[in-house]
Amino acid sequence: MFENDWDEVLQEEAQKPYFQELRYALAAEYKQYTVYPPKELLFSALKLTPYSKTRVVILGQDPYHGAGQAHGLSFSVKPGVRIPPSLRNIYQELHSDVGMAVPNHGSLLHWAEEGVLMLNAVLTVREGQPNSHKGLGWETFTDAIMEKLNERAEPLVFILWGSHAQKKGAYIDKSRHKVIESPHPSPFSAHRGFLGSRPFSQANQYLESHGLTGIDWSIPNL
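Attention here is on the structure that accompanies the text. Bear in mind that the values here come from a model prediction, so they are computed numbers and not experimental data.

Cut-off values and rules
One numbering rule holds for all chains: residues counted from 1, following each sequence as written. In view of the model being predicted, local features appear only for residues whose pLDDT reaches at least 70, and side-chain atom pairs are presented and counted only at 80 or more, with totals across whole chains, interfaces and linings using the full set of residues. Based on all heavy atoms of the structure, the side-chain values leave hydrogens and waters out of the count. Note on conventions: DSSP H or I runs of at least 4 residues are helices, E runs of at least 2 residues are strands, and numbering of each starts at the N terminus. Between two residues, a contact is recorded if the distance between any of their heavy atoms is within 4.5 Å. Salt bridges are defined by distance alone: a side-chain nitrogen of Lys or Arg within 4 Å of a carboxyl oxygen of Asp or Glu. We call a residue buried when its accessible area falls under 20% of the maximum for its residue type, exposed when it is over 50%, and partly exposed in between, using a 1.4 Å probe and counting protein chains only. Here an angle of 0 to 180 degrees is reported between the N-to-C directions of two axes, which are lines fitted to C-alpha atoms, with helices fitted over the stretch in contact. Throughout this description, any angle smaller than 35 degrees is read as roughly parallel, any larger than 145 degrees as roughly antiparallel, any in the 65 to 115 degree range as roughly perpendicular, and the remainder as oblique. Two helices cross in a left-handed way if the nearer one is turned anticlockwise from the farther one by less than a right angle. They cross in a right-handed way if the turn is clockwise. Note on residue categories: nonpolar means Ala, Val, Leu, Ile, Met, Phe, Trp, Tyr, Cys or Pro, charged means Asp, Glu, Lys or Arg, and polar means any other residue, Gly included. Two strands qualify as a pair provided that DSSP identifies no fewer than 2 bridges between them. Aromatic rings from Phe, Tyr and Trp, with only the six-membered ring used for Trp, were paired whenever their centres fell within 6.5 Å, and each pair was classed as stacked if the ring planes differed by under 30 degrees, edge-to-face if by over 60, and tilted otherwise. Note on criteria: charge over ring means Lys NZ or Arg CZ within 6 Å of the ring centre, with the direction from the centre no more than 35 degrees off the ring normal.

## Quick notes on the side chain of S197
Checked against the element boundaries, S197 lands in the loop between strand 6 (178-182) and helix 9 (199-209). With residues up to four places along the chain from it excluded, the contact list for S197 reads E93, S182 and Q202.

## Points about the pattern of salt bridges
In this structure the tally under the stated criterion is eight salt bridges. We note a salt bridge from R55 to E114, for which the minimum N-O separation is 3.5 Å. Of this pair, R55 sits in the loop between helix 4 (44-48) and strand 2 (56-60) while E114 sits in the loop between helix 6 (109-113) and strand 3 (116-120), and the two are 59 residues apart along the sequence. Between D143 and K168 there is a salt bridge, and its shortest N-O distance comes to 2.7 Å. Of this pair, D143 sits in helix 7 (residues 138-151) while K168 sits in helix 8 (residues 162-168), and the two are 25 residues apart along the sequence. Using a relative accessible area of 33% as the deciding quantity, one classes D143 as partly exposed.

## Let's talk about the packing of helix 3 (residues 17-32) against helix 7
The geometry of helix 3 relative to helix 7 is characterised by a closest axis approach of 9 Å and an angle of 130° between their N-to-C directions. Between helix 3 and helix 7, the angle falls in the class oblique. Remark: the crossing between helix 3 and helix 7 carries left-handed chirality. Between helix 3, through Y18, F19, L22 and L26, and helix 7, the contact on the second element is made entirely by W138, T140 and F141. In the contact of helix 3 with helix 7, the residues fall into six nonpolar, one polar and no charged.

## Comments concerning helix 9
Among all positions in helix 9, only P199, F200, S201, A203, N204, Y206 and L207 are buried. Contact partners of the buried residues in helix 9: strand 2, helix 5 (85-98), helix 6, strand 5 (157-161) and strand 6. Just downstream of helix 9 lies G211, where phi reads positive at about 75°.

## Points about the packing of helix 5 against helix 9
Two elements in contact, helix 5 and helix 9, have axes whose closest approach is 7 Å; the angle formed by their N-to-C orientations is 55°. By the angle class used here, helix 5 and helix 9 are oblique. On the side of helix 5, the interface is formed by I90, E93, L94, D97 and V98, while helix 9 contributes P199, F200 and S201. Counted by class, the contact of helix 5 with helix 9 contains five nonpolar, one polar and two charged residues.

## Points about the pairing of strand 3
The element strand 3 is largely enclosed, with a buried count of five among its five residues. Going residue by residue along strand 3, you find V116, M118 and N120 tucked away on one face and L117 and L119 tucked away on the opposite face as well. Pairing analysis gives five bridges linking strand 2 to strand 3, with the strands arranged parallel. Bridging from a neighbouring strand, I58 pairs with M118 of strand 3.

## Quick look at the sheet that holds strand 3
Whether parallel or antiparallel, the strands of a sheet pair through hydrogen bonds between backbone atoms. On the basis of which strands lie adjacent, the open sheet formed by four strands has the order 3-2-5-6 and parallel pairing. Single-partner strands in this sheet number two, and they are strand 3 and strand 6. Across the sheet, the axes of successive neighbouring strands diverge by a mean angle of 20°, strand direction being ignored. Lying on the sheet, helix 7 is in contact with strand 2, strand 3 and strand 5; it crosses strand 3 at an angle near 150°.

## What to know about the packing of aromatic side chains
Inspection of every chain in the model, using the stated rule, returns 13 aromatic pairs. Pairing F43 with W138 gives two aromatic rings, centres 5.9 Å apart and planes at 75°, and the pair type is edge-to-face. Taken together, the positions of F43 in the loop between strand 1 (35-36) and helix 4 and W138 in helix 7 put the pair 95 residues apart, joining distant regions of the chain. Taking relative accessible area as the criterion, W138 reaches 1% and is therefore assigned buried. With centroids separated by 6.5 Å and ring planes inclined at 75°, the aromatic side chains of W161 and F200 adopt a geometry described as edge-to-face. Placement of W161 in strand 5 and of F200 in helix 9 is noted, with a sequence separation of 39 residues between them. Here the two residues W161 and F200 agree in accessibility, since each one is buried. Three or more aromatic residues link up through ring pairs in this structure, and these residues are F2, Y18, F19, F43, W138 and F141. Directly above the ring of Y33 sits R126, whose terminal nitrogen or CZ lies 3.6 Å from the centroid. Cation over ring: R152 sits above Y51, and NZ or CZ is 5.7 Å from the ring centre.

Dropping the structure here:
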């Protein structure tokens, strides 16, 4: 399913009755409605960032619900799609925190390849209907992913923006992993403490202090 070590890590989870029910429900949703991301990009986050290669986790809520935006990575959009407001604020913080130039596109693919798992709590959404797949079963599945990451012996950084992500990551073992929390980067809350929170440099300081390589946060222009 994921074509890497996540297959083994999540093997038991994928056999559970709720996951089979989720798959049936999704098949019906894709048939009846326009659902994002496209089926083949559904598990992009897990396919691009293997379990053993994950160094940082950025947790989002659910995919963008506009045409052509969502491609399976939280906060990221396909090249050529207008950069959404939350991502503009992420780029602004990236620039002021680690001095990275703001790229000319919204694809965070480079981060995924660097070991940043960009996971949404819910992996699908109906077009134009935010949170429409809430309660379908994804939350149980992504909780299991978070739990498996929490069990890892090697230290990880969890970046939790906004109360939704913070609730989902509340049980992470902070004696073994670094948890960075701030308000959400959306225009409604970014000025309440997201801007100026320096998550990118904090993540790298933590990784490097544990003898691990920091993330190359730069995003090459297209």
